[in-house]
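# Inside the fold
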Amino acid sequence: MPIQGLNLLKMEVPMEIKIQSIHFDTTEKLQAFITKKAEKLEKSYEDIQKVEVQLKVEKPATALNKTTSLSVAVPGTTLFVEKTCDTFEEGVDLCLDAMKVQLTKYKEKQRKR
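Residues numbered from 1 in each chain as written. Predicted model: local features only at pLDDT ≥ 70, side-chain atom pairs only at ≥ 80, totals over all residues. Heavy atoms only, no water.

As annotated in an unreviewed UniProt entry, the protein chain is Ribosomal subunit interface protein from Prevotella multiformis DSM 16608.

## Here's the deal with the side chain of Thr-68
With respect to the element layout, Thr-68 can be found in strand β3 (residues 66–74). Filtering out sequence-adjacent residues up to four positions away, Thr-68 remains in contact with Val-53, Gln-54, Leu-55, Val-81, Glu-82, Lys-83, Phe-88, Gly-91, Val-92 and Cys-95. (Helix = DSSP H or I, 4+ residues; strand = E, 2+ residues; numbered from the N terminus. Contact = heavy atoms within 4.5 Å.)

## Quick look at the pairing of β3
Burial analysis of β3 places 8 of its 9 residues in the buried class, which makes it a mostly covered element. Bridge analysis of strand β2 (residues 50–57) against β3 gives 8 bridges, and the strand direction is antiparallel. In the strand pairing of β3, Glu-52 is matched with Ser-71. For β3 and strand β4 (residues 77–85), the ladder comprises 9 bridges, and the chain directions are antiparallel. Residue pairing in the sheet places Lys-66 in a bridge with Cys-85 of β4. Here β3 folds back onto β4 in antiparallel fashion, the turn holding 2 residues, of which Gly-76 has a positive phi close to 100°. (Buried < 20%, exposed > 50% of the residue type's maximum accessible area, 1.4 Å probe, protein only. Pairing = 2+ DSSP bridges.)

## Observations regarding unusual backbone geometry
When glycine is set aside, most residues are seen to have a negative phi, and most peptide bonds are trans. Positive phi is not limited to glycine here, since His-23 has a value of about 70°. Relative to the helices and strands, His-23 resides in the loop between β1 (16–22) and α1 (28–39). We note that Leu-64 has phi near 50°; this positive angle belongs to a residue other than glycine.

## Quick look at the packing of α1 against helix α2 (residues 88–112)
Two elements in contact, α1 and α2, have axes separated by 11 Å at closest approach and are oriented at 10°. Regarding the angle of α1 to α2, the classification is roughly parallel. Taken as a pair, α1 and α2 cross one another with a handedness that is right-handed. Counted together, Leu-30, Phe-33, Ile-34, Lys-37 and Ala-38 of α1 and Phe-88, Glu-89, Val-92, Asp-93 and Leu-96 of α2 form the full contact between these two elements. Of the residues contributing to the contact of α1 with α2, the split by class is 7 nonpolar, no polar and 3 charged. (Axes fitted to C-alpha atoms, helices over the stretch in contact; angles between N-to-C directions. Parallel < 35°, antiparallel > 145°, perpendicular 65-115°, else oblique. Left-handed = near helix turned anticlockwise from the far one by under 90°. Nonpolar A, V, L, I, M, F, W, Y, C, P; charged D, E, K, R; others polar.)

## A closer look at the sheet that holds β2
On the basis of which strands lie adjacent, the open sheet formed by 4 strands has the order β1-β2-β3-β4 and mixed pairing. Each end of this open sheet is capped by a strand with a single partner; those strands are β1 and β4. The sheet shows a mean angle of 15° between the axes of neighbouring strands, direction not considered. Relative to the sheet, α1 contacts β1 and β2, its axis offset from that of β1 by approximately 140°. Against the sheet, α2 engages β2, β3 and β4, with an angle of about 150° to β4.

In structure tokens, the structure reads:
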């Protein structure tokens, strides 16, 4: 006998955002920026399980030395994008733009099945 009034199919699970910095310490301001931007990915795809952002300083004295990589775990696969820029903010923006495109394509592919 079904339980009336309960919808057990759609359980909201908060998306996990993990920020990892390699060879340096991130500021709270940068972490807040990344978290705020990453949360907007849910508008492109609702079932995101985990977002991992990896920040790495390559050669400290050169231009274009900050590598930002972004991996997003969705049911069935993990999507990945990596950009190298002058600032981490710019890298995060470019990664998120590229990830939105990947998520949209993945979503369309899932609908066709």
